[in-house]
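Understanding the architecture of this molecule
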Amino acid sequence: MAIPAKQVGTFIPAEISFLAENSLVTIIPRQAMESVGLIGGTIPSMRPMRRIEVPIWVAVLLKKQSRCNIVPPNWLSEENLKITYDAEAANMTRFSANLPWEWVEVGELILGSAPDDLSSPPHVIRNLLRDIREVRQAKARAGLKNLNDSYLQLDNVGAMELNEIRSFVTMAMNQLRIMQGTREGAERQDVDVEPDDQDDDDDDDDLPRESYDDSMLTAKGYQDSYDTARNSRQGSEIGGTEDERASINSHTFAGVRHISTQNRSRSALPQAPSYTDDDDDGDNEDNDMEIDAAYLNAVNGN
Amino acid sequence: MGYLEHGRNTSTDIKEGARIELPLWMAEILAIGGISDELPTGFITVSTPAPFSNKVLNALSANPVNVDLRGQSMQFYKLAERWLAMTGDDGLLDTIMDTFKARAAIVNDHAHNTRSALMTDRSEFLGTLDDTEIKLFKAAQEASKDLKKWTSMKK
């Protein structure tokens with residue numbers, strides 16, 4: 001299965017939107033339905049006019065068949081969007097925390113599938129959303145001026161917004177990291193310590209670094225990305241060559257991408273040698289656990 | 001080895017003190033390895049490559065955006081990596097990192113505004129990008145294009 005080179009390192013917007021469809025939304029069913037047990041979760045039983053929470057994909061499906069009304073989330077009302085817009089415009093250095101992680105996608109989905117369920121005319125909401133996006137884009141652009149080799153802090157940035165700048169930021173930061181690596185030994189130590197102070201969770205050390213490496217391999221095949229991931233892991237044990245890492249504020253997201261690249265590489269190489277070293281195995285298990293957590297976080301919208 | 005000197009007789013040897021241009025990889029090896037145990041100095045002393053001369057660096061610290069990096073070297077930043085790894089010149093590193101940051105921000109702006117008022121000086125600036133910056137530009141432009149495609153698909 002061939003994947004376009006650019007998608008190895010990042011998501012396309014449709015994929016982000018697909019992930020967002022798992023977040024919950026309140027609906028008012030018009031029909032009764034038994035509860036449905038699915039692997040990803042149970043859809044509760046429905047009684048007419050009794051509000052329940054279901055994943056957006058279910059809501060959109062039922063709405064298409066006129067079997068329910070979608071209750072738009074609070075932040076998507078006209079008043080709240082205006083408040084958010086004012087907050088965004090008032091503070092040009094921070095993103096406001098009023099919007100959820102997948103606000104761009106959820107907004108589009110609800111506007112697209114249930115415009116008649118909104119409390120205000122859809123075009124008003126759409127315009128407000130667009131205004132907010134533009135203000136926030138300007139902030140992200142301003143934030144990019146402060147690029148450095150170890151981290152970039154963008155609190156409360158949305159999934160789609162992050163995805164838009166991801167490929168650029170990872171490439172730019174990797175270049176900076178390589179150049180920073182040529183500094184003399186003593187100063188290199190300082191650089192090393194700093195990111196660890198920034199986040200208390202030492203465990204995710206491995207994850208961002210590797211996913212980051214993978215994301216750089218946009219132009220190469222899976223075999224290459226697999227090999228490089230292995231080499232960099234070995235390299236870090238032997239020579240400590242990869243001891244500087246870059247982390248974007250939202251590790252979780254890079255993590256999700258990482259699973260998919262890893263899985264693809266593995267399935268493409270069924271005969272690939274397993275790790276013989278004990279340390280390596282340990283690393284690997286660690287990663288899997290973190291990936292699970294990261295994946296859940298991303299799916300739950302944290 | 002005389003053929004390494006431009007236009008010289010290929011049969012003669014290179015004289016001591018001659019100035020010749022070598023590929024960076026060869027210069028690196030010759031500069032590091034000693035001639036023998038008694039003479040620990042390298043075969044050659046490397047002088048600063050033209051892209052990192054004081055003239056260029058002054059221009060870069062004055063205004064990174066107006067310098068034609070591509071004219072200096074197609075692979076300006078890759079060359080810088082190797083050169084810095086050899087010399088460990090932190091002052092030079094700072095200048096080049098600042099240059100990269102300043103230019104990257106503008107590269108990003110250009111990538112996202114396909115039809116902007118900047119159009120006139122746009123092609124001029126984009127002509128000065130080195131290969132690393134061109135890759136950045138393409139990545140940013142792809143992302144912005146994909147997003148536009150997705151948004152227009154929804155309507």
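The paragraphs below set out a description of the structure included in this document. Being a predicted model, the structure only gives us computed values, none of them experimental. (Residues numbered from 1 in each chain as written. Chains lettered and ligands numbered in written order. Predicted model: local features only at pLDDT ≥ 70, side-chain atom pairs only at ≥ 80, totals over all residues.)

We now examine the overall build of chain B. The helix and strand inventory of chain B stands at 7 helices and 0 strands. When the helices and strands of chain B are listed from N to C terminus, the series reads α-α-α-α-α-α-α. In chain B, buried positions account for 21% of the 155 residues. At a minimum sequence separation of 6, the contacts of chain B that also span at least 24 residues come to 51%. (Helix = DSSP H or I, 4+ residues; strand = E, 2+ residues; numbered from the N terminus. Buried ≥ 20, exposed ≤ 12 C-beta atoms within 10 Å, placed from the backbone. Contact = placed C-beta atoms within 7 Å.)

A separate point is the overall build of chain A. Regarding its fold elements, chain A presents 12 helices and 7 strands. When burial is assessed residue by residue, chain A has 36% of its 302 residues classed as buried. Put simply, of all contacts in chain A between residues at least 6 apart along the chain, 77% involve residues at least 24 apart.

On to the interface of chain A and chain B. Each partner contributes to the interface: chain A provides 22 residues, whereas chain B provides 28 residues. When contributions to the side of chain A that touches chain B are tallied by element, the ones reaching two or more residues are helix H2 (13-20), helix H5 (103-113), helix H6 (122-144) and helix H7 (159-180) of chain A. For the side of chain A that touches chain B, the element with the highest residue contribution is H7(A), accounting for 9 residues. Of the residues contributing to the side of chain A that touches chain B, the split by class is 11 nonpolar, 4 polar and 7 charged. (Nonpolar A, V, L, I, M, F, W, Y, C, P; charged D, E, K, R; others polar.)

Quick look at the packing of H7(A) against helix H4 (residues 76-87) of chain B now. Close contact between H7(A) and H4(B) brings their axes to 9 Å; oriented N to C, the two are set at 25°. The orientation of H7(A) relative to H4(B) falls into the category roughly parallel. Within the contact between the two elements, H7(A) uses A:Gln175, A:Ile178 and A:Met179 and H4(B) uses B:Tyr77, B:Ala80, B:Glu81 and B:Leu84. Across the contact of H7(A) with H4(B), the residue classes tally to 5 nonpolar, 1 polar and 1 charged. (Axes fitted to C-alpha atoms, helices over the stretch in contact; angles between N-to-C directions. Parallel < 35°, antiparallel > 145°, perpendicular 65-115°, else oblique.)

What follows concerns the nonpolar core. With 66 residues, the main nonpolar core has A:Ala59, A:Phe168, A:Ala172 and B:Leu136 as its most contacted residues. Per element, the largest residue contribution to this core is 10 residues, and it comes from H7(A). Not counting the four nearest positions on each side in its chain, A:Phe168 is found in contact with B:Asn108, B:Leu136, B:Ala139, B:Ala140 and B:Ala143. (Core = buried A, V, L, I, M, F, W, Y, C linked by C-beta atoms within 7 Å.)

This is a description of form; function is not addressed.
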